[in-house]
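The primary structure of each chain is shown beneath.
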Amino acid sequence: DLEVRFRLSDAGTKELRRDASDVRALAFRAPGIWQKRFDVVPAEDGTYTLKLPVPEPGVYYVFLESHSLQLKVNAGRPLIFEAVER
């Protein structure tokens, strides 16, 4: 599993957004073979945590969405990573 910790900020003001309790992630393995939605957990320090199972090696894309922040799943830049065999 992969644990991703991040912060969210307003694109215009650059102010940190700590108040979103409805952040979700859409993760998929290219070219769309596997996909799943996950809840993102907010922390008191203003960070958010996503625990993402990585079922097998490959290239993965993670998109965020939040209704309260007016963040649509296809509006932001994805996190892209490659999982490799150990």
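So, a few notes on the structure that sits alongside this text. Along every chain, residues carry numbers that run from 1 in the direction the sequence is written. Per-residue local features are limited, in this predicted model, to residues with pLDDT of at least 70; the limit for side-chain atom pairs, both in listing and counting, is 80 or more; totals at the level of whole chains, interfaces and linings are taken over all residues. Remark: hydrogens and water are excluded; side-chain values derive from all non-hydrogen atoms of the structure.

A separate point is the overall build of the protein. A run of H or I in DSSP counts as a helix once it spans at least four residues, and a run of E counts as a strand once it spans at least two, with each numbered from the N terminus. Check the secondary structure of the protein and you find zero helices and seven strands. Each helix and strand of the protein, ordered N terminal to C terminal, gives the series β-β-β-β-β-β-β. Over its C-alpha atoms the protein spans a radius of gyration of 13 Å, differing by no more than 12% from the 12 Å that the globule rule assigns to 86 residues. Overall, the protein is about 40 × 25 × 20 Å in size when its C-alpha atoms are taken along their principal axes. As a reference, a globule follows 2.2 Å times the number of residues to the power 0.38, and the radius of gyration itself is taken over C-alpha atoms.

On to the packing of aromatic side chains. Under the pairing criterion, centres of Phe, Tyr and Trp rings, with the six-membered ring standing for Trp, must be within 6.5 Å; the plane angle then separates stacked pairs below 30 degrees from edge-to-face pairs above 60, leaving the rest tilted. Taken as a whole and judged by the stated rule, the model has six aromatic pairs. With a centroid separation of 5.8 Å and 20° between ring planes, the pair formed by Phe 6 and Tyr 48 is classed as stacked. Placement of the pair is Phe 6 in strand β1 (residues 2-6) and Tyr 48 in strand β5 (residues 48-52), with a sequence separation of 42 residues. Under the scheme applied here, a residue whose accessible area is under 20% of the maximum for its type counts as buried, over 50% as exposed, and between as partly exposed, the area being computed with a 1.4 Å probe on protein chains only. By relative accessible area, which is 15% here, Phe 6 ends up buried.

Looking at the secondary structure, you find Ser 66 in the loop between β6 (58-65) and β7 (79-83). For Ser 66 and Arg 86, which are 20 residues apart along the polypeptide, the C-alpha to C-alpha distance reads 34 Å. When residues no more than four places from it in sequence are discounted, the contact partners of Ser 66 are Ala 20, Asp 22, Val 23 and Leu 71. Polar contacts, as counted here, are pairs of nitrogen or oxygen atoms within 3.5 Å of one another; within protein the pair requires one atom able to donate a hydrogen and one able to accept it, and residues that are adjacent in sequence qualify only if both atoms are side-chain atoms. Engagement of the side chain of Ser 66 in a polar contact is seen with the backbone nitrogen of Leu 69, the distance being 3.2 Å. Residue contacts are counted whenever heavy atoms from the two residues lie within 4.5 Å of one another.

A few words now on the environment of Leu 50. Within the element layout of this structure, Leu 50 appears in strand β5. Looking at Leu 50, the relative accessible area reads 2%, which means it is buried. Taking the C-alpha atoms as reference points, Leu 50 and Thr 13, separated by 37 residues in sequence, lie 25 Å from one another. Non-local contacts of Leu 50, meaning those with residues more than four positions away in its chain, are made with Leu 2, Glu 3, Val 4, Phe 6, Ala 25, Phe 38, Asp 39, Val 40 and Val 62.

This brings us to the pattern of salt bridges. By salt bridge we mean one thing: a side-chain nitrogen of Lys or Arg within 4 Å of a carboxyl oxygen of Asp or Glu. Applying the stated rule across the entire model yields four salt bridges. Salt-bridge contacts for Glu 3 lead to Lys 51; the nearest nitrogen and oxygen are separated by 3.9 Å. Here the residue Glu 3 occupies a position in strand β1, and Lys 51 occupies one in strand β5, the gap between them amounting to 48 residues.

Cis geometry marks the peptide bond from Ala 30 to Pro 31, where omega comes out at 5°. Locating Pro 31 in the fold gives a position in the loop between β2 (24-29) and β3 (34-39). At Lys 14, a position not held by glycine, the phi torsion is positive, near 70°. Mapping Lys 14 onto the fold places it in the loop between β1 and β2. Since its relative accessible area comes to 60%, Lys 14 is described here as exposed.

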